[in-house]
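Inside the fold
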Amino acid sequence: MQTVRTSTALRSAVAAWRQDQERIAFVPTMGNLHAGHLELVEHAARLADRVVVSIFVNPMQFGQGEDYENYPRTLSEDSTRLAETCVSLLFAPAVEAKYPAGCQYVTRVEVEGLSDILCGAARPGHFVGVATVVAKLFNLVQPDVAVFGEKDYQQLLVIRRMVADLCFPIDIVGVPTVREPDGLAMSSRNSYLTADERERAPLLYRALCEAAERLQGGERDFRAIEAAGEARLRAAGFGPDYFTIRRALDLMPPGTADKELVILAAARLGQARLIDNLPVSLKDKI
Ligand code: PAF
């Protein structure tokens, strides 16, 4: 595995592969890699000849008072883990390389609407930061396909919409969430949990499963199901930002005729803000 720190080195490596007609898959990350990331890498390897991974903790997607400073940075461990996989190239730029004028960037990519709801409402500017950095990375790597985790479901939809609207010739592939044995979705932010919080954390997934069971059982009072999920989280000491049932396609509130749904939740537990979701298909239900 080759590691490059600059856009110039990245471009020249990728150009050589392109010349050889090789197909390139890209996995953007913020590092602190866990089994969920490695699953994205494995998935990417099945879709292309070359896999490029980026590690960049993107300041633009963190709000005031969020965990940008404390976000776990483990480049040397990450690099060792990636070297054991089929990754061809690790792109790990410095902040100055990515935002040459410091953080005074004036060009932004905003996917209106989708960026302002749910996590976008709780974290203003977050998805503009994500879409902008992903657009920059796409321009540098120019992959044929890019792979994202479904755990960040709203992010995946934002990227899909950006790619469609800005005509990036890139397939966007979502990979199902990887979970710990007790159901907790894998996340770098799980490391913020104390031992006691870690024990309670899987309740987030259990609450989503209970809501899914009610939908699968034919219940269509979305408000009641959402209220029950939120109450369950509060009772266990979580501070929920939302627990909501949406249309899987566009995250709009569903009607009773909608069949492809997703239940999404975000909640604070101690220092951590946990997010999770569960897609629910009611296609085969009456
Ligand atoms: O999902 C992430 O880790 C980040 O939001 C991403 C897509 C790498 C952009 O910084």
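First, a word on what this report is: a plain description of the structure on this page. (Residues numbered from 1 in each chain as written. Predicted model: local features only at pLDDT ≥ 70, side-chain atom pairs only at ≥ 80, totals over all residues. Heavy atoms only, no water.)

Here we look at the overall build of the protein chain
Helices and strands together make up the secondary structure of the protein chain, namely ten helices and nine strands. Taking 2.2 N^0.38 as the reference for a compact globule, 286 residues should give roughly 19 Å; the C-alpha atoms of the protein chain span a radius of gyration of 19 Å, in line with that estimate. When the backbone C-alpha atoms are referred to their principal axes, the protein chain occupies close to 55 × 40 × 40 Å. By residue count, 53% of the 286 residues in the protein chain fall in the buried class. In the protein chain, 71% of the contacts between residues at least 6 apart in sequence involve partners at least 24 apart. Summing over all exposed atoms, the protein chain offers an accessible surface of approximately 13,400 Å²; the carbon and sulfur share of this is 49%. Distance between charge centroids for the protein chain: 2 Å, based on 32 positive and 37 negative side chains. (Helix = DSSP H or I, 4+ residues; strand = E, 2+ residues; numbered from the N terminus. Rg over C-alpha atoms; globule rule 2.2 N^0.38 Å. Buried < 20%, exposed > 50% of the residue type's maximum accessible area, 1.4 Å probe, protein only. Contact = heavy atoms within 4.5 Å. Areas by Shrake-Rupley, 256 points an atom, 1.4 Å probe, with all protein chains shown as cover. Lys, Arg positive; Asp, Glu negative; His and termini not counted. Charge placed at Lys NZ, Arg CZ, Asp CG, Glu CD.)

Regarding the pairing of strand β6 (residues 171-175)
Burial analysis of β6 places four of its five residues in the buried class, which makes it a mostly covered element. Note that the unit made of strand β5 (residues 145-149), helix α7 (residues 153-165) and β6 has a crossover that is right-handed. (Right-handed = clockwise from strand over helix to strand, strands pointing away.)

With respect to the site of the ligand
The environment of the ligand is formed by P28, T29, M30, N58, Q61, V133, F148, D152 and Q155. Here an oxygen atom of the ligand and a side-chain polar atom of Q61 are 2.6 Å apart. One nitrogen or oxygen atom from the side chain of Q155 is found 2.7 Å from an oxygen atom belonging to the ligand. When the free accessible area of the ligand is taken as 290 Å², the share hidden by the protein chains comes to 88%. Considered class by class, the residues forming the shell around the ligand number four nonpolar, four polar and one charged. (Near = heavy atom within 4 Å. Polar contact = N/O pair within 3.5 Å; in protein donor to acceptor, adjacent residues only side chain to side chain. Nonpolar A, V, L, I, M, F, W, Y, C, P; charged D, E, K, R; others polar.)

Looking at the pairing of strand β3 (residues 50-55)
Along β3, five of the six residues are buried, which leaves the element largely enclosed by surrounding structure. Of the strand pairs in this sheet, strand β2 (residues 24-29) and β3 are connected by six bridges, and their pairing is parallel. Looking at β3, one finds that I24 is bridged to R50. Note on the crossover from β2 through helix α2 (residues 35-45) to β3: the handedness is right-handed. Sheet topology note: the β3/strand β4 (residues 89-91) ladder contains three bridges and is parallel. Across the sheet, the residue bridging to V52 is L89, located in β4. (Pairing = 2+ DSSP bridges.)

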